[in-house]
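Spelled out, the chains give:
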Amino acid sequence: MSTRGVSFVQNEYYHIYNRGNSKQKVFLVPQDYERFVKLLFLSNSIHSFNVRDLGAQNVFDVDRERQLVNILAYCLMPNHFHILLTPLEDDGISKFMLKLSTAYSMYFNKKNNRTGTLFEGPYKSEFVCDDRYFRYLFAYIHLNPVKLIDKNWKIDGVKNEQKTIDYLFSYKYSSLSDYIGASEIMRKESTVIDKDLFGEIFNKKQVVLKELTDWFSDFPRGTLGKSGGVQDMI
């Protein structure tokens, strides 16, 4: 389940992504997105957990004891996902992704009475080579949902900046809400990420907002898509 030929190193950062086989949707209803987020949390442990065995217990209160990776950002889209993370032990990413992909595929196939491969082969990875790419990925990952309301925005530009920002801030299936403090009550899903790893970079809502809007003008010129070799998943 890992990208062949890639050696993951502790204290380095990686962009992990994958999409549905033949570009099919892997999230059909809100329950699917919610299950995947729960698995982002539960799979990130040296132990194995089954969501069904937890009963009424809040998944995000489970004591994982020791994590395999630290997740800095993520975003789920109808047919793909993005995760920015760093390994905490040797093979931490490979172990985490195997548990995550297997658990979600089993859940999805059983629920939808299907068989076969859910994802398009091994997950893909990109090494975060410098600070600029690090910041770019924060924006790239969290800007993904814009395609759901304006599929041509990277070509034509953002037509309504405030509407776009409002949509991004309300999107439930990414870690952006955990960085902007969208609610006075912390989201239970906020335990999935360790936003302190960004240090002072994204510790205020206005800083995050500026980071996102600064990229709006770059996409139409095609500069952002070439900075790290990341291809659009849709």
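See above for the structure.
Please read all numbers here as calculations on a predicted model, not as lab measurements. (Residues numbered from 1 in each chain as written. Predicted model: local features only at pLDDT ≥ 70, side-chain atom pairs only at ≥ 80, totals over all residues. Heavy atoms only, no water.)

Engineer: How do you make sense of the overall build of the protein when you look at a structure like this?
Structural biologist: The number of helices and strands found in the protein is seven helices and four strands. Shown N-terminal to C-terminal, the secondary structure of the protein runs as helices and strands in the order β-α-β-β-α-β-α-α-α-α-α. Within the span of the protein, comprising 234 residues, buried residues form 50% of the whole. If you take every contact in the protein between residues at least 6 apart in sequence, the share linking residues at least 24 apart comes to 71%. Summed over its atoms, the accessible surface of the protein is roughly 11700 Å², and 48% of this surface lies on carbon and sulfur atoms. (Helix = DSSP H or I, 4+ residues; strand = E, 2+ residues; numbered from the N terminus. Buried < 20%, exposed > 50% of the residue type's maximum accessible area, 1.4 Å probe, protein only. Contact = heavy atoms within 4.5 Å. Areas by Shrake-Rupley, 256 points an atom, 1.4 Å probe, with all protein chains shown as cover.)

Engineer: Looking at this model, I keep getting lost on the side chain of Thr-86. Mind explaining?
Structural biologist: By the element assignment, Thr-86 lies in strand β3 (residues 80–87). From its side chain, Thr-86 meets the backbone oxygen of Glu-12 in a polar contact 2.6 Å long. Those residues in contact with Thr-86 that sit more than four places away from it in its chain are Asn-11, Glu-12, Tyr-13, Val-69, Asn-70, Leu-72 and Leu-197. (Polar contact = N/O pair within 3.5 Å; in protein donor to acceptor, adjacent residues only side chain to side chain.)

Engineer: What is the right way to look at unusual backbone geometry in this model?
Structural biologist: Of all residues except glycine, most have a negative phi; of all peptide bonds, most are trans. Look at Ser-22: it is not a glycine, yet its phi comes out positive at around 60 degrees. Of note, Ser-22 is situated in the loop between β1 (14–19) and α1 (30–42). Positive phi values are uncommon outside glycine, yet Glu-65 reaches one of about 70 degrees. Within the fold, Glu-65 resides in the loop between α1 and β2 (69–77). Judged by its relative accessible area of 62%, Glu-65 falls in the exposed class.

Engineer: Would you take a moment to explain α1 for this structure?
Structural biologist: Because an α-helix completes one turn every 3.6 residues, residues spaced three or four positions apart along the sequence face the same direction. Look at α1: 18 Å from first C-alpha to last across 13 residues, which is about the 18 Å you get at 1.5 Å a residue. Listed as buried for α1 are Asp-32, Tyr-33, Phe-36, Val-37, Leu-39, Leu-40, Phe-41 and Leu-42. Each element contacted by the buried residues of α1 is listed here: β2, β3 and α2 (92–111). (Expected span 1.5 Å × (residues − 1).)

Engineer: Looking at this model, I keep getting lost on helix α7 (residues 205–216). Mind explaining?
Structural biologist: For α7, built from twelve residues, the straight-helix expectation of 16 Å at 1.5 Å per residue is met to within 8% by its first-to-last C-alpha distance of 17 Å. Of the surrounding elements, those touching the buried residues of α7 are α3 (131–143), α4 (153–156), α5 (161–170) and α6 (176–180).

Engineer: Sorry if this is basic, but what is going on with the packing of aromatic side chains here?
Structural biologist: The geometry of an aromatic ring pair is captured by two quantities: the separation of the ring centres and the angle between the planes. For the structure shown, the criterion picks out 20 aromatic pairs. Here Tyr-136 and Tyr-140 contribute two aromatic rings whose centre-to-centre distance is 5.6 Å and whose plane-to-plane angle is 45 degrees, an arrangement assigned as tilted. Placement of both Tyr-136 and Tyr-140 in helix α3 is noted, with a separation of four residues, approximately one turn of the helix. Look at Tyr-171 and Tyr-173: their rings are 5.7 Å apart centre to centre, the planes differ by 85 degrees, and that puts the pair in the edge-to-face class. Neither residue differs from the other here; Tyr-171 and Tyr-173 are each classed as buried. Put simply, the rings of Phe-27, Tyr-33, Phe-36, Phe-81, Tyr-104, Tyr-107, Phe-108, Phe-119, Tyr-167, Tyr-171 and Tyr-173 pair up and form one aromatic cluster. Arg-64 extends its terminal NZ or CZ atom over the ring of Phe-41, reaching a point 3.8 Å from the ring centre. (Phe/Tyr/Trp six-rings, centres within 6.5 Å; stacked < 30°, edge-to-face > 60°. Lys NZ or Arg CZ within 6 Å of the ring centre and 35° of its normal.)

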